[in-house]
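# Notes for the structure review
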2 protein chains.
Amino acid sequence: MELDNRKQKILKAIIEEYTRTGEPVGSKRIASLLDIVASPATIRNDMAILFDMGLLEQPHTSAGRVPSHMGYRYYIDHLMVPSPISPKEMAAIEAMFNVRDPDPDRLLSDAAQALADYTHCVAISSTTTPPEVLVRHIELIPAAERTVIIMVIASNGAVKSRVCRVDFEVTKNICEFFTNFANARLAGKSINEISSAYINSLTFSVGDYTEVFTSLLTAIYSLCKEINDGQFCTRGMTNLLAYDEMKDFSKDLLLMLGKKERAIELLGDGNFDVRVTVGKENNSMELANASVVAVRYNIGPSRCGTLALVGPVRMEYPKLIPHIEYFARMLSELLSEAMREQP
Amino acid sequence: MELDNRKQKILKAIIEEYTRTGEPVGSKRIASLLDIVASPATIRNDMAILFDMGLLEQPHTSAGRVPSHMGYRYYIDHLMVPSPISPKEMAAIEAMFNVRDPDPDRLLSDAAQALADYTHCVAISSTTTPPEVLVRHIELIPAAERTVIIMVIASNGAVKSRVCRVDFEVTKNICEFFTNFANARLAGKSINEISSAYINSLTFSVGDYTEVFTSLLTAIYSLCKEINDGQFCTRGMTNLLAYDEMKDFSKDLLLMLGKKERAIELLGDGNFDVRVTVGKENNSMELANASVVAVRYNIGPSRCGTLALVGPVRMEYPKLIPHIEYFARMLSELLSEAMREQP
DNA sequence: TTTAGCACTCATTACCTTCAAGTGCTAAAC
DNA sequence: GTTTAGCACTTGAAGGTAATGAGTGCTAAA
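Residues numbered from 1 in each chain as written. Chains lettered and ligands numbered in written order. Predicted model: local features only at pLDDT ≥ 70, side-chain atom pairs only at ≥ 80, totals over all residues. Heavy atoms only, no water.

## Quick look at the overall build of chain A
On a plain count of helices and strands, chain A comes out with twelve helices and ten strands. A compact globule built from 343 residues should have a C-alpha radius of gyration of about 20 Å, whereas chain A, at 26 Å, is more than 25% larger. Viewed in the frame of its principal axes, chain A has a C-alpha envelope of about 90 × 40 × 35 Å. Counting the 343 residues in chain A, one finds 53% classified as buried. Sequence separation of 24 or more characterises 61% of the internal contacts of chain A that already satisfy a separation of 6 or more. One way to put it: in chain A the 36 positive side-chain charges average out to a point 4 Å from where the 43 negative ones average out. (Helix = DSSP H or I, 4+ residues; strand = E, 2+ residues; numbered from the N terminus. Rg over C-alpha atoms; globule rule 2.2 N^0.38 Å. Buried < 20%, exposed > 50% of the residue type's maximum accessible area, 1.4 Å probe, protein only. Contact = heavy atoms within 4.5 Å. Lys, Arg positive; Asp, Glu negative; His and termini not counted. Charge placed at Lys NZ, Arg CZ, Asp CG, Glu CD.)

## What about the pattern of salt bridges?
Using the criterion set out here, one finds 32 salt bridges over all chains in the structure. Through salt bridges with shared partners, a single network forms among D4, R6, K7 and D46 of chain A. (Salt bridge = Lys/Arg side-chain N within 4 Å of Asp/Glu carboxyl O.)

## Some remarks on the domain arrangement of chain A
Many authors give the size of an interface as the accessible area that is lost as the parts come together. According to the domain assignment, chain A consists of domain 1 (5–79), domain 2 (87–128 + 230–341) and domain 3 (135–226). One C-alpha centre belongs to domain 2 of chain A, the other to domain 3 of chain A, and the line joining them spans 34 Å. (Domains from an automatic or database assignment.)

## Side note on the side chain of T277 of chain A
Residue and element names in this part refer to chain A. Mapped onto the fold, T277 is located in strand β8 (residues 274–278). Reaching out from T277, the side chain makes a polar contact with the side chain of N282 at a distance of 2.5 Å. Ignoring sequence-local partners within four residues, the contact set of T277 consists of R73, N282, A290, S291 and V292. (Polar contact = N/O pair within 3.5 Å; in protein donor to acceptor, adjacent residues only side chain to side chain.)

## With respect to the sheet that holds strand β6 (residues 159–165) of chain A
To summarise the sheet geometry, strands pair through backbone hydrogen bonds and adopt either a parallel or an antiparallel arrangement. All names here are of chain A. Taken in spatial order, the three strands of this open sheet run β4-β5-β6, and their pairing is antiparallel. For this open sheet the edge positions go to β4 (135–144) and β6, each flanked by a neighbour on one side alone. The mean angle between the axes of side-by-side strands here comes to 20°, regardless of whether they run parallel or antiparallel. Sitting on the sheet, helix α7 (residues 172–186) touches β4 and β5 (147–154), and the angle it makes with β4 is about 160°. (Pairing = 2+ DSSP bridges. Axes fitted to C-alpha atoms, helices over the stretch in contact; angles between N-to-C directions.)

## What to know about the protein's contact with DNA strand C
Residues in contact with DNA strand C amount to 20 residues; listed here are only the nearest, R6, T42, T61 and S62 of chain A together with S27 of chain B. Of everything in DNA strand C that lies within 4 Å of the protein, sugar and phosphate atoms constitute 80%. Within the side chain of R6 of chain A, one N or O atom sits 3.0 Å away from a phosphate oxygen of DNA strand C. With respect to DNA strand C, the side chain of S27 of chain B contributes an N or O atom lying 2.7 Å from a phosphate oxygen. (Near = heavy atom within 4 Å.)

## Some points on the sheet that holds strand β6 (residues 159–165) of chain B
All names here are of chain B. Sheet architecture is open: three strands sit in the order β4-β5-β6, paired in antiparallel fashion. Strand pairing shows two members of the sheet lacking a second neighbour, β4 (135–144) and β6, which therefore form its edges. In this sheet, adjacent strand axes meet at a mean angle of 20° when their direction is disregarded. Judged from the seven bridges that link them, strand β5 (residues 147–154) and β6 form a sheet pairing that is antiparallel. Paired with V152 across the two strands is K160, which belongs to β6. On the sheet, helix α7 (residues 172–186) packs against β4 and β5 and is oriented at approximately 160° with respect to β4.

## Quick word on the interface of chain A and chain B
On the chain B side, the residues contacting the 34 residues of chain A number 34 residues. Taken over both partners, the interface formed by chain A and chain B buries close to 2,800 Å², and the fraction arising from carbon and sulfur atoms is 57%. Where chain A meets chain B, there are three residue pairs in polar contact (both at pLDDT 80 or more). Secondary-structure elements contributing two or more residues to the side of chain A that touches chain B are β4, β5, β6, α9 (210–229), α10 (250–258) and α12 (317–338) of chain A. (Buried area = accessible area lost by both parts, 1.4 Å probe.)

## Focus: the nonpolar core
For soluble globular proteins, the rule of thumb is that nonpolar side chains tend to be buried together. Core analysis: the biggest nonpolar cluster contains 157 residues, and V310 and Y317 of chain A together with V310 and Y317 of chain B have the highest contact counts within it. Setting aside residues up to four positions removed in sequence, Y317 of chain B forms contacts with Y72, I76, M80, V276, V278, S291, V293, P312 and P322 of chain B. By size, the runner-up hydrophobic cluster in this structure holds 32 residues, among which are V133, V135, A154 and C164 of chain B. (Core = buried A, V, L, I, M, F, W, Y, C linked by side-chain atoms within 4.5 Å.)

## Comments concerning the relation of the copies chain A and chain B
Superposing chain A onto chain B requires a rotation of 180° together with a translation of 0.0 Å along the rotation axis, leaving an RMSD of 0.1 Å. Given the turn and translation reported, the copies of this chain are related as if by a two-fold rotation axis. Ranked by how close their C-alpha atoms come to the rotation axis, the residues of chain A are headed by S161 of chain A, at 3.8 Å. Same-surface contact between copies: 100% of interface residues of chain A are shared with the interface of chain B. (Least-squares fit on C-alpha atoms with pLDDT ≥ 70 in both.)

## So, helix α10 (residues 250–258) of chain B
Residue and element names in this part refer to chain B. Within α10 the residues assigned to the buried category are S250, L253, L254, M256 and L257. The buried residues of α10 all sit within an arc of 160° when viewed along its axis, so they share a single face. Structurally, α10 contributes buried residues whose contacts are with β3 (122–128), β7 (232–235), α11 (260–265), β9 (290–299) and β10 (303–312). (Arc of directions from axis to C-beta.)

## Re the protein's contact with DNA strand D
S27 and R65 of chain A together with T42, T61 and S62 of chain B are the nearest of the 20 residues found near DNA strand D. Counting only atoms of DNA strand D within 4 Å of the protein, the fraction found in sugar and phosphate groups is 78%. Contact distances for DNA strand D include 2.2 Å between a phosphate oxygen and a side-chain N or O atom of T42 of chain B. Here a base oxygen of DNA strand D sits 2.9 Å away from a polar atom, N or O, in the side chain of S62 of chain B. For the surface near DNA strand D, the elements supplying multiple residues, two or more each, are α3 (40–52) of chain A together with α3 (40–52) of chain B. Residue contributions to the surface near DNA strand D peak at four residues, all from α3 of chain B. Class assignment for the residues of the surface near DNA strand D results in four nonpolar, twelve polar and four charged. (Nonpolar A, V, L, I, M, F, W, Y, C, P; charged D, E, K, R; others polar.)

## Examining the packing of aromatic side chains
All names here are of chain B. Inspection of every chain in the model, using the stated rule, returns ten aromatic pairs over all chains. Ring geometry for F177 and F213: centres 6.2 Å apart, planes at 20°, overall stacked. Placement of the pair is F177 in helix α7 and F213 in helix α9 (residues 210–229), with a sequence separation of 36 residues. F177 gets classed as partly exposed once you look at its relative accessible area, which sits at 36%. (Phe/Tyr/Trp six-rings, centres within 6.5 Å; stacked < 30°, edge-to-face > 60°.)

## Concerning α9 of chain A
Along its 20 residues, α9 of chain A runs 27 Å from first to last C-alpha, staying within 8% of the 28 Å computed at 1.5 Å per residue. Those residues of α9 of chain A that are buried are in contact with β4, β5, β6, α7 and α8 (196–205) of chain A together with α6 (104–119) of chain B. G230 of chain A occupies a position one or two residues after α9 of chain A and carries a positive phi of about 75°. (Expected span 1.5 Å × (residues − 1).)

## Some thoughts on the packing of helix α1 (residues 5–21) of chain B against helix α4 (residues 69–79) of chain B
Residues and elements named next belong to chain B. Between α1 and α4, whose axes approach to 10 Å, the crossing angle comes to 110°. In this view, α1 runs roughly perpendicular relative to α4, as classed from their interaxial angle. Crossing angle aside, the handedness with which α1 passes α4 is left-handed. Across the interface between the two elements, Q8, L11, K12, I15, E16, Y18 and T19 from α1 touch G71, Y72, Y74, Y75 and L79 from α4. Broken down by class, the residue content of the contact of α1 with α4 amounts to seven nonpolar, three polar and two charged. (Parallel < 35°, antiparallel > 145°, perpendicular 65-115°, else oblique. Left-handed = near helix turned anticlockwise from the far one by under 90°.)

## Points about the pairing of strand β3 (residues 122–128) of chain A
All names here are of chain A. Across the seven residues that make up β3, a large majority, six, are buried. As judged from the four bridges shared by β3 and strand β7 (residues 232–235), these two strands associate in the antiparallel manner. Counted as the bridge partner of S126 is F232 from β7.

Below, the structure written as structure tokens:
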């Protein structure tokens, strides 16, 4: 797909004007906007060609032109000039991260919230746990007479705990016995190997204690599963309601984003650095009128995550892409530090 | 406000028919619906009186009548017959609770989700921590060379933990020292007394260790604050989008519910068993066209929570009120068991 | 290749009419 | 006194028509 210089400028101008106003753009407006000298008629000719190429659309004969999803694709791939983040904005973003709590579990959801607030889009953040993460240690802490806290620590620094009520009196002996037993069977195992079936098989090998320990082992399974599933959160859903052009679609889109398994789909396989998918490229009914900007980030050597933005096709890509990348970089640094793999 | 028998029946019929259809109800329809024999003209006379009393409204002269918020108030207080939950529904609700994870922290959010799914409204659940809850114990668990897990256990069974990276090598001695120090100063104190200022004062009294322990003490403060703040979660926001009559208001309402401090307001002071507020009774712009059903529940002797439902004024009160009450009862039982106060 | 000119298209708006639902009032019936 | 039938009246919704104007596509000249 080759476009001569003027057509490129015209397409770029139409997209940027449409992004700004949300209204179809006419030849006259472009003529006054462009720095090149060309009459509206000339521009009309070029617009007709861009239309034939599928880069523009026409709501109806007597309206101006609107960029098609293909037009946006061309713009993102060839025309867009990313606008660098100003030091002021950088400081603002850093401040958001700094005032927040440094708890890794929260960092992700706070970042999503901040990103959503900042971009007025829906922000999704997630992490995945790769198979090489191991169970490092299992700890049992007596909390009260018949209550223990069970804690799973993974090799990548992830920690999950749960309060467990048990049917027996919690003595130092029992705790020690169980801790030894659990660590002997589970520590060093890959976290994604801890299946429900494996835990079941363990329950029977505790001998006399089978009944007593079942609930503890089940809790360990849940905790491992939580670590293995990674984190996932969606913020700023209500932001979508502010876009007039989405009012017919936002309901379905919001319902879809509300379903975790559907929302995870749109993050893709994480096999990219930055990925922008426009409208129908998303292969999903609900996203046919939305765009998704996804960025991958690393957390230390053994874990990675995805940060994504869902918003109207008419998104300020040149501004938002550098922003989400900066968010991802900050998150990467902070989480890598917080969860650094240790000997 | 006294209404004769027929007027009561007419008001009840109008409200129930309007709740069902969402359309203004005319005198003819009521005549065919009512079991009492009365002509449309008679009903029209009564409707005119109900209208004068402020219990009905008229969208325009040639339309039927619509219940006013005052009409709903009268209905809820005097006319409504709560429909008991069927054993089948009870079983369905119990099943929801059973298949879910028994973790107390999750129970609340799962219950809100289930309630939202069940009622097609927004569900809010929250717990508050009363001042008599104490810090029972603080535990420090070494997780890796420079990483510890810090854990606060409260007298009401609440447990919160956080991973902390520290600047020193974690030895058994240091852990013991810090655990002793922290417990000496904090255990037994009321959880809401652990202020930022108090923690600050502690940091200086650790002597040589001031710098090393600052991050740990800050973490303790956060954890106490989390316990003291209780839990709060909102689920099913997108449900509101399904109501045609709310399409003009749902945007503002959703934005408001998205703000925690605003959403907390509408739970009220918890000084009630069941509370229904209709439309303008809510004293909030955004809720002027919505109703809130709030139920209080107890968690053991020392903690209570609120479960609330936000939906259209045209809500199926007779069905939903018993349902949310049943949810609250279930929650109360399960949480009381899970978090029972212990010696 | 570019541009001016002009006929043409079509959404939007305003205005009008018709239609139907439902009311309020009056006078008769119970 | 209460209830009811009858009927004029009101009003939003739906449908049709005309005027408006923004913006196009095409043609022919520059």
